[in-house]
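Structure at a glance
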Amino acid sequence: MATVDLHFHSTASDGALPAAEVARRAGERGATLIALTDHDCLAGLKEAREAALAAGVDFLNGVEVSVTWNSRHTIHIVGLGIDPDHPGLVEGLAGIRAGRVNRAREMSDALAKLGIEGAFDGAMALCDNPEMIGRTHFARFLVGSGHVKDVKTVFRKFLTPGKPGYVPHVWANLADAVGWIVAAGGIAVIAHPGRYDFGRTLTERLILDFKDAGGQGIEVSSGSHSLDDRLKYALIAKQYELLASAGSDFHAPGEGGRDVGYTDDLPPICRPVWNELHERIIRARQP
Ligand code: AMP
Ligand code: MN
Ligand code: MN
Ligand code: MN
């Protein structure tokens, strides 16, 4: 197990724990280097960074940007080692967040047609930062109100493409998202490639577009990857000369998936992205 975790969430987006708490939890579970990567939002970074450093854990500022690629595929791009005050990044993310409340109203209307009332208010009540309202908050509302037994089932039955509560949305384009991250001094990383269900051709097209835009990394070790995924993307990282990243994608205790603070080891053929981020790592102890 590696004690590096460069992908997880706080209540600044759709995580269930406040930023300081999730950073401390990572430290308690043995992490030595972490990055908080909330969706489209930098609001938790200061708190997480202070808590990490106080707990003796090295920290990278991170973000996970929602992208619509090729006009129809939703993918996520993680940015690591970013400057959270970079105006281009700050403005770009604000633009993505702007559409979430309207989308949530449409989701709520769709659910009402299925006889599920009050989903907008119910989801909002579970969301710390209204402009970050998203599918996970709706999923938690549907579980909490007794409509569905768990979050996974909500997504499968209601909130994924083709299901009745799913509302398509246009996020950032790939070149913009990667451009903001690079301009802010960070390294862009394709998040959880194993979740996209792309065949070989589409995966290759994504990687080539991503590299053209200035992207350099891909998650090889992810809470949502099987062992087979890890080996597959290690080989892909080598083939396309991408740096390899590792992250739990932790959201909430007991919601399935990995806990925060550690990740499966990268296969030895990988070049770890954190080796290229020495100057961006905020160190708990000066060397
Ligand atoms: P949104 O940005 O509002 O579209 O929500 C996306 C978030 O929903 C992801 O970051 C995950 O946290 C969660 N999510 C997406 N698909 C699933 C799934 N099949 N099971 C559980 N959570 C999911
Ligand atoms: Mn999420
Ligand atoms: Mn994601
Ligand atoms: Mn994530």
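Residues numbered from 1 in each chain as written. Chains lettered and ligands numbered in written order. Predicted model: local features only at pLDDT ≥ 70, side-chain atom pairs only at ≥ 80, totals over all residues. Heavy atoms only, no water.

1. Observations concerning the overall build of the protein
Of the regular secondary structure elements, the protein holds 10 helices and seven strands. The C-alpha atoms of the protein give a radius of gyration of 18 Å, which matches the 19 Å a tight globule of 287 residues would have. By its C-alpha atoms, the protein is 55 × 45 × 40 Å across when sized along the principal axes. Counting over 287 residues, the protein shows a buried share of 55%. Of the roughly 12500 Å² of accessible surface on the protein, 49% is carried by carbon and sulfur atoms. (Helix = DSSP H or I, 4+ residues; strand = E, 2+ residues; numbered from the N terminus. Rg over C-alpha atoms; globule rule 2.2 N^0.38 Å. Buried < 20%, exposed > 50% of the residue type's maximum accessible area, 1.4 Å probe, protein only. Areas by Shrake-Rupley, 256 points an atom, 1.4 Å probe, with all protein chains shown as cover.)

2. Comments concerning the coordination of the manganese ion (ligand 3)
Ideal values for angles at a metal depend on the geometry: 109.5 degrees with four tetrahedral donors, 90 or 180 degrees with six octahedral donors. Of the protein atoms, only Glu-64 (OE), His-76 (ND1) and His-192 (NE2) coordinate the manganese ion (ligand 3), at distances of 2.1 to 2.2 Å. In the primary structure, the donors to the manganese ion (ligand 3) are separated according to the pattern E-x11-H-x115-H. The metal-metal distance between the manganese ion (ligand 3) and the manganese ion (ligand 2) is 5.5 Å. With a gap of 12 residues between them, Glu-64 in strand β3 (residues 58–69) and His-76 in strand β4 (residues 73–80) connect regions that are remote in the sequence. The pair formed by Glu-64 and His-76 is uniform in burial state, with each residue classed as buried. (Donors = N, O, S within 2.8 Å, 3.2 Å for Na, K, Ca; no water.)

3. Describing the packing of aromatic side chains
Enumeration according to the criterion identifies two aromatic pairs in this entry. Summarising the aromatic geometry, the rings of Trp-69 and Phe-198 are spaced 5.7 Å apart at their centres and angled 40° between planes, so their arrangement reads as tilted. Remark: Phe-198 occurs in the loop between β5 (187–190) and α9 (200–212) and Trp-69 occurs in strand β3; sequence separation between them is 129 residues. Accessibility expressed as a relative area gives 14% for Phe-198, which makes it buried. An aromatic cluster of at least three residues, connected via ring pairs, comprises Trp-69, Tyr-196 and Phe-198. Sitting over the face of the ring of Phe-120, Arg-105 holds its NZ or CZ atom 4.1 Å from the ring centroid. (Phe/Tyr/Trp six-rings, centres within 6.5 Å; stacked < 30°, edge-to-face > 60°. Lys NZ or Arg CZ within 6 Å of the ring centre and 35° of its normal.)

4. Concerning the domain arrangement of the protein
Domain assignment breaks the protein into domain 1 (4–97 + 173–284) and domain 2 (100–159). Its C-alpha centre places domain 1 at a distance of 25 Å from the equivalent point of domain 2. Across the contact, 14 residues belong to domain 1 and nine residues belong to domain 2. Of the roughly 940 Å² buried where domain 1 meets domain 2, counting both sides, 41% is carbon and sulfur surface. Three residues, Asp-14, Arg-97 and Glu-255, lead the burial of domain 1 against domain 2; their summed loss comes to 54% of the area buried on that side. The interface formed by domain 1 and domain 2 holds three salt bridges in total. Note that Arg-100 and Asp-40 form a salt bridge whose closest N and O atoms lie 3.3 Å from each other. Remark: the boundary between domain 1 and domain 2 carries eight residue pairs in polar contact (both at pLDDT 80 or more). (Domains from an automatic or database assignment. Contact = heavy atoms within 4.5 Å. Buried area = accessible area lost by both parts, 1.4 Å probe. Salt bridge = Lys/Arg side-chain N within 4 Å of Asp/Glu carboxyl O. Polar contact = N/O pair within 3.5 Å; in protein donor to acceptor, adjacent residues only side chain to side chain.)

5. Let's talk about the nonpolar core
Val-65 and Ile-77 are the most contacted members of the largest nonpolar core, which has 72 residues in total. The dominant element in this core, judged by the number of residues it contributes, is β3, at six residues. When sequence neighbours within four positions are dropped, the list of residues in contact with Val-65 reads Asp-40, Ile-75, His-76, Ile-77, Leu-93, Ile-96, Ala-172, Ala-177, Trp-180 and Ile-181. Residues Met-107, Phe-120, Phe-141 and Val-167 belong to the second largest nonpolar core, which totals 21 residues. (Core = buried A, V, L, I, M, F, W, Y, C linked by side-chain atoms within 4.5 Å.)

6. Comments concerning the pairing of strand β6 (residues 217–222)
Of all six residues in β6, six are buried, a share of seventy percent or more. By the bridge criterion, five bridges tie β6 to strand β7 (residues 243–247) in an arrangement that is parallel. By the bridge assignment for β7, Ser-221 is matched with Ala-246. Read from β6 through helix α10 (residues 227–239) to β7, the crossover connection turns out right-handed. (Pairing = 2+ DSSP bridges. Right-handed = clockwise from strand over helix to strand, strands pointing away.)

7. Comments concerning the site of ligand 1
In the vicinity of ligand 1, the residues found are Asp-14, His-39, His-76, Arg-100, Arg-103, Gly-134, Arg-135, Thr-136, Phe-155, Arg-195 and His-251. Here His-39 contributes a side-chain N or O atom positioned 2.8 Å from an oxygen atom of ligand 1. Of all the secondary-structure elements, those providing two or more residues to the shell around ligand 1 are α4 (100–113) and α6 (135–144). A class-by-class count of the residues in the shell around ligand 1 yields one nonpolar, five polar and five charged. Here the shell around ligand 1 spans two domains, since at least three of its residues come from each of domain 1 (4–97 + 173–284) and domain 2 (100–159). (Near = heavy atom within 4 Å. Nonpolar A, V, L, I, M, F, W, Y, C, P; charged D, E, K, R; others polar.)

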